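A closer look at the structure
Chain by chain, the residues:
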Amino acid sequence: MELFTNQVLAGIATGAIYACMALAVVMIYQAIDHLNFAQGEMAMFSTFLSWQMMQWGVPYWGAFVLTLILSFAGGILIERLLFKPLAKAPVLTNVAGFIALYGIINSFAGLIWDFTIKQYPTPFGSSPFLGSQLISTHQAGMIGVTVLLLILLFIFFQYTRIGLAMRAAAALPESARLVGINTSWMIALGWGMAAAIGSIAGMLIAPVVFLEPNMMLGVLIYGFAAAVLGGLTSPLGAVIGGFLVGVFENLAGTYIPGVGNELKLPIALALIITVLVFKPAGLFGRPIVKRV
Amino acid sequence: MSAVEDVVTEAPAVEAVPKRAMTLGLGTSLVVLAALVIAPIFVKNFIIFQMTMLLIYGLAVLALNILTGGSGQFSLGQSAFYAVGAYTSAILMEHANMNYALTLPIAGIVCFAFGYLFGKPALRLSGVYLALATFALATAMPQLLKLGFFEHWTGGVQGLVVTKPDAPFGLKMSQDMWLYYFTLVISIGIYIASINLLRSRSGRAFMAIRDNEIAASAMGVNVALYKTLAFGVSAGITGVAGGLGAIAVQFVAPDGYTILLAISLFLGMVVGGVGWLPGSLVGSAFIIFVPNIAEGISKGLSGAVFGVLLFLVIFLVPHGARQVAMVAQQLLGKMIKK
């Protein structure tokens with residue numbers, strides 16, 4: 001029983017990271033109807049930025065906040081420069097654009113910081129949490145930060161004018177334009193927030209998977225799985241999907257024989273395909289009706 | 001899309017390419033063919049090897065082109081089919097001592113089946129969802145190949161070494177040159193077959209689905225059948241290319257078939273021009289030679305160069321090499337008139 005509780009709690013902790021990635025993916029999907037294949041690389045780059053600042057002597061939380069701001073600006077910049085002109089282009093062109101971005105960021109991170117694996121500090125420490133053996137303080141910290149982030153996002157979208165404007169621009173762009181919302185900038189804002197959320201995920205997972213240019217590939221696939229499971233049109237669903245996927249991954253690794261660390265990615269693949277085949281809209285998404 | 005209704009009249013996922021614009025004229029084709037036949041006589045073995053890889057990746061890009069340019073479906077997972085083809089050939093040659101030429105059709109059939117089966121669940125997906133599922137397939141493939149369960153056959157992380165075949169019938173020819181001509185014959189065969197496929201009834205069905213799925217089904221096209229068929233054919237050709245690749249490189253290992261290969265093939269298709277079959281060769285040249293040049297400048301730079309060039313293609317010449325070829329043709333026409 002203790003093994004079970006332990007695995008569920010560990011699953012919730014990694015699930016928090018998947019939830020963040022899924023949330024970032026959903027933010028961009030809501031805004032422009034495309035999956036950002038470069039989301040993981042953007043998060044990885046942000047994490048490297050924070051690491052570099054810490055190397056220069058900036059304290060952890062200072063680097064954390066600075067990275068958030070830089071990622072936010074970077075996300076907006078990428079949207080303005082590269083993806084705004086592609087808004088009306090076919091899906092294929094957009095997919096090519098995301099793939100190109102993936103290649104560029106991954107390659108530049110390798111060029112600047114090379115491909116060796118680096119240690120990344122945790123501000124929470126790794127001692128047992130509240131004296132219990134079940135969960136470490138870093139894992140508890142991951143869950144805590146994610147929950148805090150969710151509450152902030154909920155308040156932002158539910159109770160601020162700009163949050164309302166963003167929801168309107170995502171739901172009915174034309175009507176939103178008619179009431180005077182600048183939908184184009186709402187999309188850019190969505191990109192900025194997605195980049196910032198992704199950077200939080202990167203900085204929280206880096207102490208676990210270690211810092212290197214390919215560290216986010218697996219996390220991104222799990223983030224996609226979480227977003228698809230929860231429904232690409234529902235931020236809340238993406239978060240719940242993230243936690244579910246994290247717990248599922250850990251339990252499958254513990255209790256199904258032959259599924260160790262080496263089958264991590266195939267599990268995510270199986271999960272994505274299963275959900276897309278049996279419930280394409282996800283658990284919380286709205287099904288899309290095609291009108292001829 | 002947050003709107004609950006999605007209007008179908010929006011632009012299709014892939015721009016339509018007229019059937020006539022998919023191939024080269026007879027004269028140009030013969031010139032290209034002649035160049036491909038004569039060139040190896042004058043160059044060193046290493047360059048012959050690179051030309052062989054050019055043809056092999058050309059086949060893989062062609063396969064993706066049939067899928068995307070023909071039937072309008074995406075795949076970021078071609079590396080998975082390529083890997084399955086490569087492993088099928090390698091395992092048959094090394095464990096069953098089969099003749100290398102005989103392993104290729106088997107690799108093709110295995111991959112056709114794999115692609116057809118993968119196409120079944122993928123049927124329900126379109127656009128970004130399909131890209132996502134195939135992306136996940138490509139990332140998962142190296143881990144599947146490393147699996148302890150298959151290790152006896154696949155050699156696990158170590159991979160398998162494949163022996164390079166000698167020229168048959170006592171021909172006085174280096175191994176590389178023989179393999180080149182062998183690959184060339186297969187490539188020409190597949191190229192002609194692909195053109196005929198796209199010109200046939202099935203090809204018209206593919207294109208109808210690409211341009212408007214609902215209209216196609218209203219015309220009586222069996223959408224489910226043709227979509228999975230396109231996946232199967234594409235995977236089958238990629239499998240043959242993978243098998244040839246394993247023989248040419250003499251080695252298969254899981255880390256040779258990562259998502260980067262899938263991205264390269266996708267890039268080759270976009271650069272060559274989606275839906276323009278001869279462009280596959282241009283795209284393949286691009287993905288073979290550009291990384292060489294980029295790595296020569298600085299290690300790890302190829303991803304960035306790929307990315308930047310891909311953006312340039314998207315923004316400046318969205319139809320890739322086809323557009324360049326057409327502009328060149330027009331300019332040439334004007335110069336001749338003067």
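The rules we used
Residues numbered from 1 in each chain as written. Chains lettered and ligands numbered in written order. Predicted model: local features only at pLDDT ≥ 70, side-chain atom pairs only at ≥ 80, totals over all residues. Helix = DSSP H or I, 4+ residues; strand = E, 2+ residues; numbered from the N terminus. Rg over C-alpha atoms; globule rule 2.2 N^0.38 Å. Buried ≥ 20, exposed ≤ 12 C-beta atoms within 10 Å, placed from the backbone. Contact = placed C-beta atoms within 7 Å. Core = buried A, V, L, I, M, F, W, Y, C linked by C-beta atoms within 7 Å. Expected span 1.5 Å × (residues − 1). Axes fitted to C-alpha atoms, helices over the stretch in contact; angles between N-to-C directions. Parallel < 35°, antiparallel > 145°, perpendicular 65-115°, else oblique.

Helix and strand content of chain A: 11 helices and one strand. Each helix (α) and strand (β) of chain A, taken in turn from the N terminus, gives the series α-α-α-α-α-α-α-α-α-α-α-β. Its C-alpha radius of gyration of 19 Å places chain A within 12% of the 19 Å reference for a compact globule of 292 residues. For chain A, the spread of C-alpha atoms along the principal axes amounts to about 55 × 50 × 35 Å.

What follows concerns the overall build of chain B. Looking only at helices and strands, one finds 14 helices and three strands in chain B. When the 338 residues of chain B are sorted by exposure, 51% land in the buried category. Here the analysis covers contacts within chain B between residues at least 6 apart in sequence; of these, 79% occur between residues at least 24 apart.

This part covers the nonpolar core. In a soluble, globular protein the nonpolar side chains are often hidden away together inside. Judged by nonpolar contacts, the single largest core of 200 residues is most densely connected at A22, A225 and I272 of chain A together with A136 of chain B. No other element matches helix α1 (residues 2–32) of chain A, which puts 18 residues into this core. Beyond its immediate sequence surroundings of up to four residues, I272 of chain A is in contact with F224, A225 and V228 of chain A together with L132, A133 and A136 of chain B.

On to helix α2 (residues 39–55) of chain A. Residue and element names in this part refer to chain A. With 17 residues, α2 should reach 24 Å at 1.5 Å per residue; the first-to-last C-alpha distance of 25 Å fits that figure. Counting buried residues in α2 gives 13 out of 17 residues, a clear majority hidden from the surface. Within two residues after α2, G57 carries a phi angle of roughly 100 degrees, on the positive side.

Okay, the environment of A188 of chain A next. Positionally, A188 of chain A belongs in helix α8 (residues 183–209). Setting aside chain neighbours within four positions, we find A188 of chain A in contact with I76, E79 and R80 of chain A.

So, about the environment of L267 of chain B. Residue and element names in this part refer to chain B. Within the secondary structure, L267 sits in helix α11 (residues 259–272). Sequence-wise, L267 and G115 are 152 residues apart; in three dimensions their C-alpha atoms are separated by 20 Å. In this view, L267 contacts I287, F306 and L310; residues no more than four positions away in its chain are not counted.

With that out of the way, let us pick up the packing of helix α3 (residues 78–95) of chain B against helix α5 (residues 128–145) of chain B. When two helices pack together, you describe them by how their axes are tilted relative to each other and by the distance separating the axes. Residues and elements named next belong to chain B. Axis separation between α3 and α5 bottoms out at 8 Å; the angle between their running directions is 30 degrees. With respect to their mutual orientation, α3 and α5 come out roughly parallel. On α5, the residues touching S79, A80, A83 and Y87 of α3 are L137, A138, M141 and L145.

By themselves, these observations are geometric and do not establish any function.
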